[in-house]
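Survey of secondary and tertiary structure
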Amino acid sequence: MTTSTVAAKDILGIYRPGSSHMVGDGFPVRNLFPSNELDESVDPFLLLDYAGPQYFEPTDHPRGVGEHPHRGFETVTIVYEGLVAHRDSAGHAGVIGSGDVQWMTAASGVVHEELHEKQWAKQGGTLQAIQLWVNLPRAQKMSVPRYQTILNADIPKVQLAGGAGCLRVIAGTFQGWRGPAHTVTPIELYDLEVMAGGRAELILPQGQNTSLFVVRGLVSVNGSSDAGEAELIVCKRAGLSVVVEAREDSRLLILSGQPIGEPIARYGPFVMNNKVELVQALEDYKAGKMGHLA
Ligand code: MN
């Protein structure tokens, strides 16, 4: 077969970080959305923060973000470099390092902290990570909180055709390989590495919103202009095929998901369907109904 028989996704645009700020004192992030107001083009994803890469000096007091609540969605943390520790009011805890993923389903509400791991902080080092917020449908926003530690060793690593590179399946499926993450709605989340001059074709499920975040390198996607480090290539919903051509050795996070298509109401760490539910979330948090850290 010399030509693809699968319809290519058109490109909506290439976006640079729309804002940057510190989360707590340990996560210097560049935000791709919501700051770029992509909204329904990235549904079911709500937020993408790219942290670092930044070197932190040794300290006996681990940096990060202390006790704070979430309700109505999931936080997914992907670590490229460094060690991040999580602890929440539902009794879940975990430490993740290079290649690992934390998938925290806040749902009805948790209070948690996200800190540089203590021993790692003592030695100092470079942190590079991504945090995604994944929305939950109305029917699941008040379900029981859950936590998944997904280790590098549990993530299938698929070699690409022609020796172009490799793809790690964090969630969803790729060429018959299934990722370990349990998701509430259909989501494909891939860590893709393509060598300079290499080409990778991904066929995604019909009807999904697909975006590609460039962690390192320089790529063209479905004939787009070149996108470099910290840029996000957003595809239109129609079509199935995404072809990545790498100009340099490149690493991308591919996020694709079936849109939820419900109204979104946000207030800081809470994402619900309307204002009444946001007020309730704030009241429940203040009344201690999301618990406290032990
Ligand atoms: Mn958090």
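Our structure is the block above this text.
Note that the coordinates shown come from a computational prediction; the quantities given were computed from them, not determined experimentally.

Some words on the sheet that holds strand β10 (residues 110–116)
- Spatial ordering of the open sheet is given by β5-β10-β7-β8, a layout of 4 strands whose pairing is antiparallel. Each of the sheet's edge strands pairs with one partner strand only, and the pair in question is β5 (64–70) and β8 (93–96). Shown here is a sheet whose adjacent strand axes are inclined to one another by a mean of 15°, direction ignored.

Topic: helix α2 (residues 275–286)
- In a regular helix each residue adds 1.5 Å, so 12 residues correspond to 16 Å; α2 covers 17 Å between its end C-alpha atoms and thus fits that length.
- For α2, the set of buried residues is Leu278, Ala281 and Asp284. Angular distribution of buried residues about the axis of α2 spans 125°; they occupy a single face of the element. Set apart from the buried face of α2 by more than 90 degrees, the exposed residues are Lys275, Val276 and Lys286.
- Those residues of α2 that are buried are in contact with β25 (265–267) and β26 (270–272).
- Backbone nitrogen of valine 276 and a side-chain oxygen of the N-cap are separated by 3.2 Å at the start of α2; the cap is asparagine 274.

Remarks on the coordination of the manganese ion
- Listed as protein donors to the manganese ion are His68 (NE2), His70 (NE2), His112 (NE2) and Glu114 (OE); their distances from the metal cover 2.1 to 2.3 Å.
- Read in sequence order, the donor residues coordinating the manganese ion give the pattern H-x1-H-x41-H-x1-E. One end of the pair, histidine 68, is in strand β5; the other, histidine 112, is in strand β10, and 44 residues separate them in sequence. In this structure, histidine 68 and histidine 112 share a single accessibility class: buried.

A word on the pattern of salt bridges
- Overall, the coordinates contain 10 salt bridges when judged by the stated rule.
- The shortest N-O distance in the salt bridge between aspartate 284 and arginine 71 comes to 3.0 Å. You can see aspartate 284 sitting in helix α2 and its partner arginine 71 sitting in the loop between β5 and β6 (73–81), a full 213 residues away along the chain. Neither aspartate 284 nor arginine 71 differs from the other in exposure class; each is buried.
- When the shortest N-O distance is used, the salt bridge between lysine 289 and aspartate 284 registers 3.8 Å.
- Overall, lysine 289 belongs to the exposed group, its relative accessible area being 63%.
- Where salt bridges share partners, they join Arg71, Asp284 and Lys289 into one cluster.

What counts as what
- Residues numbered from 1 in each chain as written.
- Predicted model: local features only at pLDDT ≥ 70, side-chain atom pairs only at ≥ 80, totals over all residues.
- Heavy atoms only, no water.
- Pairing = 2+ DSSP bridges.
- Helix = DSSP H or I, 4+ residues; strand = E, 2+ residues; numbered from the N terminus.
- Axes fitted to C-alpha atoms, helices over the stretch in contact; angles between N-to-C directions.
- Expected span 1.5 Å × (residues − 1).
- Buried < 20%, exposed > 50% of the residue type's maximum accessible area, 1.4 Å probe, protein only.
- Arc of directions from axis to C-beta.
- Contact = heavy atoms within 4.5 Å.
- Polar contact = N/O pair within 3.5 Å; in protein donor to acceptor, adjacent residues only side chain to side chain.
- Donors = N, O, S within 2.8 Å, 3.2 Å for Na, K, Ca; no water.
- Salt bridge = Lys/Arg side-chain N within 4 Å of Asp/Glu carboxyl O.

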